[in-house]
Amino acid sequence: MIRAVGARLGGMALTLLLGSVIVFLLLNALPGDPALVMLGLDATPDAVVRLHHQLGLDLPLPLRYLRWAGGLLTLHLGTSLTYAVPVSQLLADRLRITLPLAGITLLLSVAIGLPVGVAAAARQGRVSDTAIMVAAQLFKAIPDFWGGVLLILLFALVLHWLPSGGFPGWEPSPLAALRALVLPALALALPQAAILARFMRSATLGALSEDFVRTARAKGLGTQAALWRHAVPNALVPVITLVGIQFPLLLTGTIIVETVFDLPGLGRLVLEAIDQRDLPVVQDIVLLLVGLVVLVNVAVDLAALRLDPRLGGERRA
Amino acid sequence: MSVLLEVEGLSLRVRRGAEYAYLLERVGFALEVGGTLGVVGESGCGKSMLALALIGLLPRGVAASGAVRLDGTDLLALPERARRATRGRRIAMVFQEPMRALNPTQPIGRQVAEGLRAQLGLGRAEADARARALLDRVGLPAGVASPHTLPHRLSGGQRQRVLIAIALACEPALLIADEFSTALDMGTQAQVLALLAELVAERRMALLMITHDLGLLAQVCARALVLYAGRAVEAAPTAALFAARRHPYTEGLFGCSLHAGHTAPGTRLPTIRGQVPPPFARGPGCCFAGRCGRVEPDCLPEQPPLHAAGPAHRVACLHPVVTV
């Protein structure tokens, strides 16, 4: 296990290195000069040159990359061009919303999707199974932003149970802050849960038809015990991997949902920063997202390894 | 000897649209305490379905009728709860495909202990201790495999030993072995088989062995039941069957198997021409008529009943093979 963790952390470092190069090249190859955006359309060429020098944009690309990457390693993330505050402070503020949002969404989608999928598999072919799968198909097809609007209509405007948007901050009342995150997390989690449910259903059905489930039944285990102790743990292995694959979609979803629910999170920040050609901010956020995705996938890998030790290599035929 | 298992008129029916078909049709036999019975026949004759019907794990959509009496109690009439109490406890089963019959994500000790906990209500520590002893007994002592070993670290023969330990755990009265060693190489097969025979004798268990391997039949089983297309076509003591086959199907089956090693190079191996008719394509007459060399017009209108053809020897054929 320790070796497996080490190997994956090494892979993670390599991915981040490659990711940083790609992010840097892509963003610097994009059209749009931050200096022009900052100075406005009537900027004099002289002013543009001076600003370029000030921002370090006149340096050769490799040098600019090394400056950025070196900064990252020493946790000096640079300064936002538009907000004139350290990027680290900006990120910290926004992460306080987006990280809990992504966490709650991940939890909700797993907590809804997996049991629903297992329940459908256990009722294969019955009306309830079909009903669950039709509902899942429906939720899967609803785009985050539209689902978000529907949830606002129902829970905020009709039932008045939850706020329709905005974020009161964590300090005055953590509970109020959490309540503000419920609807956006649901809007994001429902389509994810639907995908997980469908996948979990077919994985569970596959596991149920395995010989070892029959062995378990022949020992005298009931259908439920055979399902939960034997079929589900085996079905979880591919599904957990899917959670990792879905996570980037979840992160991009936060960008849209934060806009719909008017949450000042990371997603909103990255949209604004792109609009303003705020290169340091965009670079850092994109790399941060890469880091989050890689981290979640390492966690998912280790969870799958724990569930199915055969994945650890050194197989025997 | 007292009778342990009595199967009477056991039929298994499946439905397709408005049609019905029989996977097993009025099969009957008896097995004494500590007795051994081999069920032979080609694939598709209903051997595995018979095993699943006995242990009560038929796939959905297969309806059983008739009687399966264990110590006088008709298992088919029991509610699922009571039926489950017999699984593992009174009737246990060793499955084919040892590679797939063990849960790949669970240590073997736990898989052995699980039945003990479920059926005998043992606590964790006691079940684990018994599981370890069972693994020792089936030839997997501490040096070879620990209870924490995962199935993928074991060879096919070792996995088969674990499956035997699982089946023996609650000391059942009847053990069903379904093609249980066909996935193993010859040497391993012999070892595992010897172990199984030894354990069955030691614990006075009755053994119902499903096989298409006549060598195995001869080695292990005192009696034999030949199934063809869901029907019992011949039943006899194994020795009598080896001495003289009466049903043309049994004769064909033995011909394919026993002479296979004695065929001169360049000549064709003996076969039974044609295939087992699938359940929905079986007519009213003798089910073997379409492949039989001895077929006469009177074979076609109805299924020939089993009748006596020697001491404890019964055959379902109007024109049985006569050997001198």
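Source: prediction; values computed, not measured.

A word on the overall build of chain A. Along the backbone of chain A there are 12 helices and 0 strands. Written out in order from the N terminus, the α and β elements of chain A read α-α-α-α-α-α-α-α-α-α-α-α. In terms of its C-alpha atoms, chain A occupies a principal-axis envelope of roughly 85 × 60 × 35 Å. Looking at the 317 residues of chain A, the share that counts as buried comes to 44%. Nonlocal contacts in chain A, meaning residues at least 24 apart in sequence, comprise 72% of its contacts between residues at least 6 apart. Carbon and sulfur atoms make up 70% of the accessible area of chain A, which totals about 16100 Å². Averaging the positions of the 23 positive and the 19 negative side-chain charges in chain A gives two centres separated by 17 Å.

Attention shifts here to the domain arrangement of chain B. Residues and elements named next belong to chain B. Taken as a whole, chain B is organised into domain 1 (32-52 + 79-221) and domain 2 (247-324). Listed by partner, the interface residues are 7 residues for domain 1 and 7 residues for domain 2. On the domain 1 side of the contact with domain 2, Glu-42, Gly-44 and Leu-214 bury the most area, a combined 72% of that side's loss. Our count for the contact surface shared by domain 1 and domain 2 stands at 1 salt bridge. Tallied by class, the residues present in the side of domain 1 that touches domain 2 amount to 3 nonpolar, 3 polar and 1 charged.

Turning next to helix H1 (residues 47-55) of chain B. Residues and elements named next belong to chain B. Here H1 lies mainly inside the structure; 7 of its 9 residues are buried. Among all positions of H1, only Lys-47, Leu-50, Ala-51, Leu-52, Ala-53, Leu-54 and Ile-55 are buried. Gly-56 lies just past H1 and shows a positive phi near 80°.

Glancing now at the domain arrangement of chain A. All names here are of chain A. Partitioning chain A into structural domains gives domain 1 (2-73) and domain 2 (91-312). Counting the surface lost from both domain 1 and domain 2, the interface buries some 1600 Å², and carbon and sulfur atoms represent 78% of this. On the domain 1 side of the interface with domain 2, the three residues burying the most area are Arg-8, Met-12 and Leu-27, jointly 34% of the side's total. Across the contact surface, domain 1 and domain 2 share 1 salt bridge. Notably, a salt bridge pairs Asp-301 with Arg-8, separated by 3.3 Å at the nearest N-O pair. Seen at the junction of domain 1 and domain 2, the total is 3 residue pairs in polar contact (both at pLDDT 80 or more). Broken down by secondary-structure element, the contributors of at least two residues to the side of domain 1 that touches domain 2 are helix H1 (2-29), helix H2 (34-39) and helix H4 (61-73). In terms of residue count, the dominant contributor to the side of domain 1 that touches domain 2 is H1 (12 residues). Counted by class, the side of domain 1 that touches domain 2 contains 12 nonpolar, 5 polar and 1 charged residues.

So, about the sheet that holds strand S4 (residues 62-70) of chain B. Residue and element names in this part refer to chain B. The 4 strands are arranged S2-S1-S4-S5 in an open sheet whose pairing can be described as antiparallel. Of all strands in the sheet, those bounded by a partner on one side alone are strand S2 (19-32) and strand S5 (73-74). Where strand S1 (residues 3-16) meets S4, 8 bridges bridge the pair, whose relative direction is antiparallel. Bridged to Arg-13 within S4 is Ala-63. Against the sheet, H1 contacts S1, S2 and S4, and its axis sits at roughly 115° relative to S1.

The subject of this paragraph is unusual backbone geometry. Residues and elements named next belong to chain A. One non-glycine residue, Ala-84, lies in the positive phi region at around 55°. Among the structural elements, Ala-84 can be located in the loop between H4 and helix H5 (87-122). Phi is positive for Asp-262, close to 55°, though the residue is something other than glycine. Among the structural elements, Asp-262 can be located in the loop between helix H10 (223-260) and helix H11 (266-275). Judged by relative accessible area, which is 45%, Asp-262 ranks as partly exposed.

For the rest of this paragraph, the subject is helix H3 (residues 108-120) of chain B. Residues lying three or four places apart along an α-helix face the same way, a consequence of the helix completing one turn every 3.6 residues. Here H3(B) is 13 residues long and its end C-alpha atoms lie 19 Å apart, about the 18 Å a rise of 1.5 Å per residue gives. Among all positions in H3(B), only B:Ile108, B:Gly109, B:Gln111, B:Val112, B:Ala113, B:Glu114, B:Gly115, B:Leu116 and B:Gln119 are buried. Next to the buried residues of H3(B) lie H10 of chain A together with helix H2 (80-86), helix H4 (124-137) and helix H5 (156-168) of chain B. Just past H3(B), the residue B:Gly121 takes up positive phi, approximately 65°.

The interface of chain B with chain A comprises 32 residues on the first partner and 23 residues on the second. For the pair chain B and chain A, the summed buried surface comes to about 2500 Å²; carbon and sulfur atoms form 50% of the total. Contact with chain A buries area across many residues of chain B, yet B:Thr105, B:Glu114 and B:His152 alone supply 23% of it, more than any other trio. As a salt-bridge pair, A:Arg229 and B:Glu114 come within 3.2 Å of each other at their nearest N and O atoms. Applying the counting rule to chain B against chain A returns 11 residue pairs in polar contact (both at pLDDT 80 or more). For the side of chain B that touches chain A, the secondary structure elements donating two or more residues are H1, H2, H3 and H5 of chain B.

With that settled, the discussion passes to the pattern of salt bridges. Residue and element names in this part refer to chain B. The tally for this structure, following the rule as stated, stands at 23 salt bridges over all chains. Between Arg-137 and Glu-198 there is a salt bridge; the shortest N-O distance is 2.8 Å. One end of the pair, Arg-137, is in helix H4; the other, Glu-198, is in helix H6 (residues 186-202), with 61 residues separating them in the sequence. Overall, Glu-198 belongs to the partly exposed group, its relative accessible area being 42%.

What characterises a pair of aromatic rings is the spacing of the ring centres plus the angle enclosed by the ring planes. Under the definition given, this model contains 8 aromatic pairs over all chains. The interplanar angle of 70° and the centroid separation of 5.4 Å between the aromatic rings of A:Phe24 and A:Tyr65 together place this pair among those described as edge-to-face. One end of the pair, A:Phe24, is in helix H1; the other, A:Tyr65, is in helix H4, with 41 residues separating them in the sequence. A:Phe24 gets classed as buried once you look at its relative accessible area, which sits at 4%. When the ring of B:Tyr228 is compared with that of B:Tyr249, the centres are 4.3 Å apart and the planes differ by 50°; the resulting orientation is tilted. Here B:Tyr228, found in strand S9 (residues 223-228), pairs with B:Tyr249, found in helix H9 (residues 248-258); they are 21 residues apart in sequence, far enough to count as distant. An aromatic cluster is defined as three or more aromatic residues linked by ring pairs; in this entry it consists of A:Phe24, A:Tyr65 and A:Trp68. B:Arg13 extends its terminal NZ or CZ atom over the ring of B:Tyr20, reaching a point 4.0 Å from the ring centre. For B:Arg16, the ring lying beneath its charged end belongs to B:Phe280, and the centroid distance is 3.9 Å.

The rules behind each value
Residues numbered from 1 in each chain as written. Chains lettered and ligands numbered in written order. Predicted model: local features only at pLDDT ≥ 70, side-chain atom pairs only at ≥ 80, totals over all residues. Heavy atoms only, no water. Helix = DSSP H or I, 4+ residues; strand = E, 2+ residues; numbered from the N terminus. Buried < 20%, exposed > 50% of the residue type's maximum accessible area, 1.4 Å probe, protein only. Contact = heavy atoms within 4.5 Å. Areas by Shrake-Rupley, 256 points an atom, 1.4 Å probe, with all protein chains shown as cover. Lys, Arg positive; Asp, Glu negative; His and termini not counted. Charge placed at Lys NZ, Arg CZ, Asp CG, Glu CD. Domains from an automatic or database assignment. Buried area = accessible area lost by both parts, 1.4 Å probe. Salt bridge = Lys/Arg side-chain N within 4 Å of Asp/Glu carboxyl O. Nonpolar A, V, L, I, M, F, W, Y, C, P; charged D, E, K, R; others polar. Polar contact = N/O pair within 3.5 Å; in protein donor to acceptor, adjacent residues only side chain to side chain. Pairing = 2+ DSSP bridges. Axes fitted to C-alpha atoms, helices over the stretch in contact; angles between N-to-C directions. Expected span 1.5 Å × (residues − 1). Phe/Tyr/Trp six-rings, centres within 6.5 Å; stacked < 30°, edge-to-face > 60°. Lys NZ or Arg CZ within 6 Å of the ring centre and 35° of its normal.

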